[in-house]
Amino acid sequence: MRKKTWDKTYITYLIPIVMAVVILPLLVAYREVENLLAGAGWQNPSPVMADIFLCVKKEFVFVIVGVILFCMLCFLLLGRKIFTMPKTFALLGGYLFLALLSTLFGEDSKTSWRGALEMMQPVGALIGYLLLFYYVYIVVNGEKNRKTDMLSFLNRIFVVAGLLLSVCGVLQIFGCDYLNWDWLRQLLGLANVSLVESERIVITLYHSNYVGTMMVLLIPFSYVGFHREATYVWRGICLVSLIGMMMCLYGSQSRAGIFALVGIAILAFLFAVLQRKQNRRQIIIEAVVVFVASVLLFLFVDYVQGHKLSARFMHPDTKKMASSGFSSIETSAQNVVFEKKGVLLRANWRKKKGNLKLTLRDGDGKELTCIAGVPKDIAKLKKTSLARARKDAPVYQIEDNRYQGIYVQANSYFEGEKRYDGYTFFCGNRAWFFARHKGRYQFLNRIGRWDDCIASQNALPKAFYPFASYRGYAWSKTIAKLPQTLFIGVGPDNFERFFPNNDYASKALCKLDSVIYNRPHNWFLQMAAETGVSSAILILCFLILYFVKALRTAMSVREKEIDREQMLCYACFISVTGYVITSLFCDSMIVTAPIFWVILGVGFALAERTRTGKKKIEKMSKKI
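If you're wondering where the values come from, they're calculated on a predicted model, not measured in any experiment.

> For this particular structure, what's the right way to read the overall build of the protein chain?
When its secondary structure is counted, the protein chain shows 23 helices and 15 strands. Since a compact globule built from 624 residues should have a radius of gyration of about 25 Å, the 28 Å found for the protein chain is in line with a globular shape. In terms of principal-axis extent, the alpha carbons of the protein chain reach across some 100 × 50 × 50 Å. Residues classed as buried in the protein chain amount to 54% of the 624 residues present. Of all intrachain contacts in the protein chain linking residues separated by at least 6 positions in sequence, the fraction that spans at least 24 positions is 71%. With the model as given, the accessible surface of the protein chain reaches about 28,900 Å², and the carbon-plus-sulfur share is 61%. One finds the centroid of the 76 positive side-chain charges in the protein chain at a distance of 5 Å from the centroid of its 44 negative side-chain charges.

Shown next, in the form of structure tokens:
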């Protein structure tokens, strides 16, 4: 009896993994969070804002880190070796070093340490991810029972996580949102919080795109469990979890997640064809069955959601770029510079006898004249500005044909008892009000904040802006600024300060006036901006080395040698591949990143079982 109990000690080692994979994604609680970016001109000025999904998860990550450190201390007291690691881990060490440097010398160290609203992934969370990865690696790589019970238990952890999330998601698909249950709202502190309803399910993962990412991460383990579990009960659980996660993936309407699912399905099929050469007919039959079942689930969820899922694929972009607005606007202490179709317009004014005297010049400094002329839709354009015109203020248009479609009017804005006099420029479908503020010309944006206008650079053609729901715009602006962060980034969670959020003309061109970019919608660009381009290269190199190692392991195993360990290795490889695909369109977020690093730790440990490295790993695995 004592021996059997000792054989199950691996369960205690896996407690931090259960916390990260099963408990963390389900946590939801109301928190009031300090808005560290309230001083920025484009940000909400409120010093305190509410958070439901992210802050509690950030707190729990630190709890997991504490449990991991306690377990590792126990390993040391028991005399077990835990500091033997591959040389490739130096890449992760370099990434951590650059992340710390970026935190200390970046834009705002306070934000990097504490985490910004709507991201909550400070440097402590990044350290937690790497520590979680390393802990999983030493446990899986060092546990003597890893080929039997422990690997099966590990796979079941992922299955259970997928099952719990899928139950929550399926309830939301059918209109039964548990976050609206009165008793649960009271328990979580949501009694006075109104949740925004959406046709795309979010489960407890903050945003529907992260639902897609999470499902792609966990689906391979349920599929492997369905094939490899010894009991019918667990096979049934795996099947239910698999179906539920597929429904959640479709219910999220995440195009990146669905494309990633297609990619990993093709990869899994190729693996099966290469490994099981004698049963290719059976593989093709299984692939057809899976394909048909997936299509039927897609159609079913699409029907339940009123065909909104299929509409997202047929009509991917609902916004169109403005065609006749300003292409750039820059403010300074001397003037306001507008550009439209390559033609410059410089404007400044000064007070003379209580009235404003406006001066307009072209790019060569030649003064321009104005004539009265009111456009037909001037009343509609005025609604895009908080400033209002005086009754006796006429609307003027520039007499030069190069500036056709641009109109000017003297307007005023009242902030309490204070009055700001300036000029509104009408162009395209926008009204732009400028006034002298703090000794310089500034723009009054839609939230009533005074801010500078800048003209940021582009790395990609403007025609690429609408790509992937205007991710092309975010990528273009981000890539153009990466030369500033070649070695040290602006700091974790400081992307909002890095991105040119006050390039109001470009945002208006894309009809993104009210959007604040606090992430680039690409994990690799996120790292390049926040922790430096060098750090992103280090992580990319590490992932490439992992893929090479995993492929070598897969190719060195024959069909008869495929066991649970090898199947779990396949699942990790496919899961990590799916995450990398979705990461091209989504960022690293505290709701999904910990699960990814756990899976990467398991996969990396199992991938070291290669033909050339087997003896070396056996020596490393004598003790944890």
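> When you look at the side chain of asparagine 518 in this model, what are you seeing that I'm missing?
If you trace the backbone, asparagine 518 turns up in the loop between α18 (504-509) and α19 (523-530). Within the local environment of asparagine 518, its side chain forms a polar contact with the side chain of arginine 519, the two groups lying 2.6 Å apart. Apart from the residues lying within four places of it in its own chain, the contact partners of asparagine 518 are Leu117, Glu118, Met119, Phe495 and Glu496.

> I tried to follow the packing of aromatic side chains on my own but got confused; where do I start?
The geometry of an aromatic ring pair is captured by two quantities: the separation of the ring centres and the angle between the planes. All chains considered together, the criterion is met by 52 aromatic pairs. The interplanar angle of 25° and the centroid separation of 6.4 Å between the aromatic rings of tyrosine 546 and phenylalanine 604 together place this pair among those described as stacked. A residue pair is termed long-range when its members are at least 10 positions apart, and tyrosine 546 in helix α20 (residues 533-555) and phenylalanine 604 in helix α22 (residues 593-607) qualify at 58 residues. Here tyrosine 546 and phenylalanine 604 have matching classes, each one buried. For the cation-ring pair, arginine 436 lies above tyrosine 441, with the distance from its terminal atom to the ring centre recorded as 4.5 Å.

> How should I be thinking about the nonpolar core in this particular structure?
Counting 146 residues, the largest nonpolar core has Met215, Leu543, Tyr546 and Trp597 as its most contacted members. It is helix α7 (residues 123-142) that provides the largest number of residues to this core, a total of 14 residues. With residues near it in sequence (within four places) discarded, tyrosine 546 still touches Cys572, Phe573, Val576, Leu600, Gly603, Phe604 and Ala607. Of all hydrophobic cores here, the second largest spans 28 residues; its members include Val336, Phe338, Trp349 and Phe425.

> I tried to follow the packing of helix α8 (residues 149-173) against helix α11 (residues 232-252) on my own but got confused; where do I start?
Between two packed helices, the angle of one axis relative to the other and the distance separating the axes together describe the packing. The interhelical angle for the contact between α8 and α11, taken along N-to-C directions, is 45°, at an axis separation of 8 Å. Here α11 runs oblique to α8, going by the angle between their axes. Taken as a pair, α8 and α11 cross one another with a handedness that is left-handed. In this structure, α8 contributes Arg156, Val159, Val160, Gly162, Leu163, Leu165, Ser166, Gly169, Val170 and Ile173 to the contact, and α11 contributes Trp234, Ile237, Cys238, Val240, Ser241, Gly244, Met245, Met247, Cys248 and Gly251.

> For this particular structure, what's the right way to read unusual backbone geometry?
With glycine set apart, most residues show a phi of negative sign, and most peptide bonds adopt trans. Although it is not a glycine, lysine 341 sits at a positive phi angle of roughly 55°. In this structure, lysine 341 sits in the loop between β4 (336-340) and β5 (343-352). Positive phi, normally seen in glycine, also occurs at tyrosine 470, with a value near 65°. Position of tyrosine 470 among the secondary structure elements: in helix α16 (residues 467-481).

> I tried to follow the environment of threonine 369 on my own but got confused; where do I start?
Inspection of the secondary structure puts threonine 369 in the loop between β7 (367-368) and β8 (370-372). A polar contact is formed between the side chain of threonine 369 and the side chain of glutamate 399, at a distance of 2.6 Å.

> Would you explain a nonpolar patch on the surface in this entry?
On the surface, Val262, Ile266, Phe269, Leu270, Ile284, Val288, Phe291, Val292, Val295, Leu296 and Leu299 cluster together into a nonpolar patch covering about 1,000 Å² of accessible area. Listed by contribution, the elements that provide at least two residues to the nonpolar patch are α12 (255-275) and α13 (280-304). Broken down by element, the residue count for the nonpolar patch peaks at seven residues, all from α13. Here phenylalanine 291 is to be found in helix α13.

> Would you explain the sheet that holds strand β3 (residues 328-331) in this entry?
Sheet strands pair via backbone hydrogen bonds, and the direction of the pair is either parallel or antiparallel. In space, the five strands of this open sheet follow the order β3-β4-β5-β6-β7, with antiparallel pairing throughout. Lying at the two open borders of the sheet, with one neighbouring strand each, are β3 and β7. Here five bridges tie β4 to β5, and the two strands are oriented antiparallel to one another. Residue pairing for β5: valine 337 is matched across the bridge by arginine 346.

> Would you take a moment to explain the pattern of salt bridges for this structure?
For side chains of opposite charge, pairing can occur when their charged atoms come near one another. Using the criterion set out here, one finds 12 salt bridges in the structure. Between glutamate 229 and arginine 156 there is a salt bridge; the shortest N-O distance is 2.9 Å. Here glutamate 229 is found in the loop between α10 (208-228) and α11, whereas its partner arginine 156 is found in helix α8, with 73 residues between them in sequence. Accessibility expressed as a relative area gives 4% for glutamate 229, which makes it buried. Arginine 156 gets classed as partly exposed once you look at its relative accessible area, which sits at 25%. One salt bridge in this structure joins aspartate 362 and arginine 402, with 3.1 Å as the shortest N-O distance. Of this pair, aspartate 362 sits in strand β6 (residues 355-362) while arginine 402 sits in the loop between β10 (395-398) and β11 (406-415), placing them 40 residues apart in sequence. The network of salt bridges with common partners includes Glu34, Lys110 and Arg114.

> Looking at this structure, how should I read the confidence of the model for the protein chain?
Low-pLDDT stretches of the model should not have their predicted coordinates read in fine detail. The predicted model of the protein chain averages 88 in pLDDT, with 91% of residues at 70 or higher. Every residue in residues 1-6 is under pLDDT 50, and counting partners more than four places away or in other chains gives one contact. A low-confidence stretch, residues 615-624 stays under pLDDT 50, and its non-local contacts, those more than four residues away or across chains, total 20 contacts.

> Would you mind going over the pairing of strand β12 (residues 418-427) with me for this structure?
When you tally the buried positions in β12, you get eight out of 10 residues, the bulk of the element. Pairing geometry for β11 and β12, over 10 bridges, is antiparallel. Bridge assignment links phenylalanine 414 to a residue of β12, and that residue is arginine 419. As defined by bridge partners, β12 adjoins strand β13 (residues 430-437) across six bridges and the pair is classed as antiparallel. Bridging from a neighbouring strand, threonine 424 pairs with phenylalanine 433 of β13. Joining the antiparallel neighbours β12 and β13 is a turn of two residues, in which glycine 428 adopts a positive phi near 65°.

Here is what the cut-offs are and how they apply
Residues numbered from 1 in each chain as written. Predicted model: local features only at pLDDT ≥ 70, side-chain atom pairs only at ≥ 80, totals over all residues. Heavy atoms only, no water. Helix = DSSP H or I, 4+ residues; strand = E, 2+ residues; numbered from the N terminus. Rg over C-alpha atoms; globule rule 2.2 N^0.38 Å. Buried < 20%, exposed > 50% of the residue type's maximum accessible area, 1.4 Å probe, protein only. Contact = heavy atoms within 4.5 Å. Areas by Shrake-Rupley, 256 points an atom, 1.4 Å probe, with all protein chains shown as cover. Lys, Arg positive; Asp, Glu negative; His and termini not counted. Charge placed at Lys NZ, Arg CZ, Asp CG, Glu CD. Polar contact = N/O pair within 3.5 Å; in protein donor to acceptor, adjacent residues only side chain to side chain. Phe/Tyr/Trp six-rings, centres within 6.5 Å; stacked < 30°, edge-to-face > 60°. Lys NZ or Arg CZ within 6 Å of the ring centre and 35° of its normal. Core = buried A, V, L, I, M, F, W, Y, C linked by side-chain atoms within 4.5 Å. Axes fitted to C-alpha atoms, helices over the stretch in contact; angles between N-to-C directions. Parallel < 35°, antiparallel > 145°, perpendicular 65-115°, else oblique. Left-handed = near helix turned anticlockwise from the far one by under 90°. Patch = residues over 30% accessible without salt bridge, like charges linked within 9 Å, V, L, I, M, F, W, Y side chains within 5 Å. Salt bridge = Lys/Arg side-chain N within 4 Å of Asp/Glu carboxyl O. Pairing = 2+ DSSP bridges. pLDDT = per-residue confidence, 0-100.

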